[in-house]
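What follows is the residue order along each chain.
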Amino acid sequence: MGLICLPTWPCAALPLRTALANVALGLSAWAPEASATSPTIASLWSLLLCSLSRQEVLRKEENHPKMRVIRVGTRKSQLARIQTDSVVASLKALYPGLQFEIVAMSTTGDKILDTALSKIGEKSLFTKELEHALEKNEVDLVVHSLKDLPTVLPPSFTIGAICKRENPYDAVVFHPKFVGKTLETLPEKSVVGTSSLRRAAQLQRKFPHLEFKSIRGNLNTRLRKLDEQREFSAIILAAAGLQRMGWQNRMGQILHPEECMYAVGQGALGVEVRAKDQDILDLVGVLHDPETLLRCIAERAFLRHLEGGCSVPVAVHTAMKDGQLYLTGGVWSLDGSDSIQETMQATVHVPAQLEDGPEDNPQLVGITARVIPRGAQLAAENLGISLANLLLTKGAKNILDVARQLNDAH
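These numbers come from a predicted model, not from an experiment.

J.: Lay out the overall build of the protein in plain terms, naming residues and giving numbers.
T.: Tallying secondary structure elements over the protein gives 13 helices and 13 strands in all. For the protein, buried positions account for 56% of its 410 residues. Here the analysis covers contacts within the protein between residues at least 6 apart in sequence; of these, 74% occur between residues at least 24 apart. About 18,100 Å² of surface is accessible on the protein, with carbon and sulfur atoms providing 52% of the total.

Listed below in structure tokens is the structure:
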């Protein structure tokens with residue numbers, strides 16, 4: 001295949017979506033059978049979308065010579081700051097003419113540390129205060145761990161970007177005296193800490209000789225509890241968080257899907273913005289990673305259709321290969337004794353063209369991604385809904401209803 005050069009854009013004077021439609025037609029003519037998620041096409045899409053969206057924003061910058069300050073909201077924890085810094089660094093590289101100011105704040109989930117997340121009963125534990133600041137125009141965008149964002153957002157907000165996913169799996173961190181062990185080789189009745197019903201349900205089923213107990217706090221706090229107290233033999237944490245903190249050396253075991261499937265959106269960062277703030281939507285839209293976006297749309301559609309959340313054990317695993325999006329989803333009883341798991345797949349193709357102009361309701365599961373082929377997004381959403389329906393026909397609703405009742409009663 002010859003090299004495609006993309007120097008300057010003669011279509012840059014056109015509206016963004018019109019230019020994209022022209023580009024889509026060119027790509028389709030060049031490779032009509034290619035998948036939206038093949039490495040070549042995905043790379044081309046990322047390059048095209050980045051160039052076009054950046055030029056839209058840069059033209060607006062030229063019309064406003066005074067440097068604009070973009071305020072970025074985040075939680076106060078060290079991990080949240082690291083994640084936000086990484087997003088801001090990407091935006092600074094794309095838009096050197098803009099200035100970014102980080103505004104950190106505490107959320108309900110950060111303040112209530114003596115109760116398991118599943119028992120607090122608040123759907124927006126780590127987002128409500130940040131969304132309040134967004135609503136009052138105190139910040140222009142907010143960086144979240146995508147797994148913290150509910151599948152149904154307030155109507156005035158949307159996820160304007162989903163960044164490239166890091167390792168989505170869970171990792172086991174062992175007490176210093178058990179370094180070198182695995183969950184399977186830990187002594188009988190060893191206590192393993194986790195704040196997640198999803199992890200506890202799956203791991204109790206897989207490792208019945210262990211006991212699982214809730215542990216709260218940010219990563220620093222949980223690691224300190226593990227190392228300085230004798231209560232826990234190990235704790236379970238998201239591998240992506242440990243990697244971002246630079247603590248890969250603490251990961252004693254990675255839990256693969258056959259041991260523990262991960263949470264919806266785990267490992268990805270989401271950028272939440274005001275739904276009608278087109279300038280900021282254009283600004284952050286270039287951060288969308290096509291593969292991560294499609295996987296997370298499928299996962300979030302699956303969870304939303306099941307009406308799941310942190311109060312019930314629901315988990316997923318997704319993969320993209322040769323234009324096929326594979327989604328595995330499961331539900332468990334609280335003790336892991338009852339479960340249903342199934343896998344489905346969908347083909348995702350680049351459409352012949354993109355519609356010109358804004359759509360009435362561009363959001364899918366709370367995500368706005370006008371610069372990613374709409375057909376691919378719908379295919380991913382339909383995959384999630386279809387898998388959820390399959391599980392529901394096999395009794396998932398009863399399992400989840402009982403899990404909610406038991407969780408509420410204890």
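The discussion continues.
J.: How would you explain the pairing of strand E8 (residues 234-238) if you had to name every residue and give the values?
T.: Two faces make up the sheet, and in a regular strand the side chains alternate between them. Extensive coverage of E8 is indicated by the burial of five of its five residues. Neither face of E8 is left uncovered, since the one carrying Ala-234, Ile-236 and Ala-238 and the one carrying Ile-235 and Leu-237 both have all their residues buried. The pairing of strand E5 (residues 170-174) with E8 spans five bridges and is antiparallel. Within E8, the position partnered with Ala-171 by the bridge is Leu-237.

J.: Mind laying out the pattern of salt bridges, listing which residues take part and the relevant values?
T.: A side chain with one charge can pair with a side chain of the opposite charge if their charged atoms come near. One pass over the structure, following the stated rule, counts 16 salt bridges. Close ionic contact of Lys-136 with Glu-138 constitutes a salt bridge, the shortest N to O distance being 3.1 Å. A salt bridge links Asp-140 to Arg-274, with the nearest nitrogen and oxygen atoms 3.3 Å apart. Here the residue Asp-140 occupies a position in the loop between helix H6 (128-135) and strand E3 (141-145), and Arg-274 occupies one in strand E10 (residues 269-274), the gap between them amounting to 134 residues. In this structure, Asp-140 and Arg-274 share a single accessibility class: buried.

J.: Describe helix H7 (residues 197-206), listing the residues and the values that go with them.
T.: Most of H7 sits inside the fold, with seven of its ten residues counted as buried. Among the residues making up H7, those that are buried are Leu-197, Arg-198, Arg-199, Ala-200, Ala-201, Gln-202 and Leu-203. At the N-terminal end of H7, a side-chain oxygen is found 3.1 Å from the backbone nitrogen of Arg-198, two or three residues along, and the residue is Ser-196.

J.: So what about the nonpolar core? Which residues, and what values?
T.: Membership of the largest hydrophobic core comes to 45 residues, with the highest contact counts inside it found for Ile-162, Phe-302, Leu-306, Val-314 and Val-331. Going through the elements one at a time, strand E4 (157-162), helix H11 (290-306), strand E11 (314-321), strand E12 (324-332), strand E13 (339-347), helix H12 (374-393) and helix H13 (396-409) are the ones with two or more residues in this core. Take this core: its biggest share by element is nine residues, from H11. Apart from residues no more than four positions distant in its own chain, Ile-162 is found in contact with Leu-146, Ala-268, Leu-269, Leu-287, His-288, Asp-289, Thr-292, Leu-293, Cys-296 and Ile-367. Formed by 22 residues, the second largest nonpolar core is a distinct cluster that contains Ile-70, Val-88, Ile-280 and Val-284.

J.: I'd love a proper account of helix H8 (residues 219-228), names of residues and values included.
T.: All of the buried residues in H8 are Leu-219, Thr-221, Arg-222, Leu-223 and Leu-226. The N-cap of H8, judged by a side-chain oxygen 3.1 Å from the amide nitrogen of Asn-220 a few residues on, is Asn-218.

J.: How would you explain the packing of H11 against H12 if you had to name every residue and give the values?
T.: As a packed pair, H11 and H12 sit with axes 7 Å apart at the nearest point and diverge in direction by 35°. Every pair of crossing elements has a handedness; the one defined by H11 and H12 is right-handed. In this structure, H11 uses Leu-293, Leu-294, Ile-297, Ala-298, Ala-301, Phe-302, Arg-304, His-305 and Leu-306 to contact H12, whose residues at the interface are Ala-376, Gln-377, Ala-380, Glu-381, Leu-383, Gly-384, Ile-385, Leu-387, Ala-388, Asn-389, Leu-391 and Leu-392. The residue inventory of the contact of H11 with H12, partitioned by class, reads 15 nonpolar, four polar and two charged.

J.: Residue-level account of the environment of Leu-186, with values.
T.: Tracing the chain through its elements places Leu-186 in the loop between E5 and strand E6 (191-193). What makes Leu-186 buried here is its relative accessible area of 3%. Between the C-alpha atom of Leu-186 and that of Phe-207, which follows or precedes it by 21 residues, the distance is 9.7 Å. Setting aside anything within four residues of it in sequence, one finds Leu-186 in contact with Phe-174, Phe-178, Lys-181, Val-192, His-209, Leu-210, Ser-233 and Ala-234.

J.: How would you sum up the pairing of strand E1 (residues 69-75)? Please name residues and give values.
T.: E1 sits mainly inside the fold: five of its seven residues count as buried. Summarising the sheet, E1 and strand E2 (residues 99-105) pair through seven bridges and their orientation is parallel. Bridge pairing links Arg-75 to Met-105 in E2. One crossover worth recording links E1 to the parallel E2 by way of helix H3 (residues 78-94), and it is right-handed. Here E1 pairs with E3 via two bridges, running parallel. Bridging from a neighbouring strand, Gly-73 pairs with Val-142 of E3.

J.: Pulling in residues and values, what's your account of the sheet that holds E11?
T.: Reading across the sheet, the three strands line up as E11-E12-E13 and stay open at both edges, with antiparallel pairing between neighbours. Taken across any chain shown, the strands that pair with only one partner, and hence form the sheet edges, are E11 and E13. The average angle at which neighbouring strand axes cross in this sheet is 15°, direction not considered. Note that E12 and E13 share nine bridges and pair antiparallel. Bridging from a neighbouring strand, Gly-330 pairs with Gln-341 of E13. Strands in contact with H11 are E11 and E12; relative to E11, the strand with the most contacts, it is inclined by about 150°.

How each quantity is defined
Residues numbered from 1 in each chain as written. Predicted model: local features only at pLDDT ≥ 70, side-chain atom pairs only at ≥ 80, totals over all residues. Heavy atoms only, no water. Helix = DSSP H or I, 4+ residues; strand = E, 2+ residues; numbered from the N terminus. Buried < 20%, exposed > 50% of the residue type's maximum accessible area, 1.4 Å probe, protein only. Contact = heavy atoms within 4.5 Å. Areas by Shrake-Rupley, 256 points an atom, 1.4 Å probe, with all protein chains shown as cover. Pairing = 2+ DSSP bridges. Salt bridge = Lys/Arg side-chain N within 4 Å of Asp/Glu carboxyl O. Polar contact = N/O pair within 3.5 Å; in protein donor to acceptor, adjacent residues only side chain to side chain. Core = buried A, V, L, I, M, F, W, Y, C linked by side-chain atoms within 4.5 Å. Axes fitted to C-alpha atoms, helices over the stretch in contact; angles between N-to-C directions. Left-handed = near helix turned anticlockwise from the far one by under 90°. Nonpolar A, V, L, I, M, F, W, Y, C, P; charged D, E, K, R; others polar. Right-handed = clockwise from strand over helix to strand, strands pointing away.

Without other data, these values stay purely geometric and don't point to any function.
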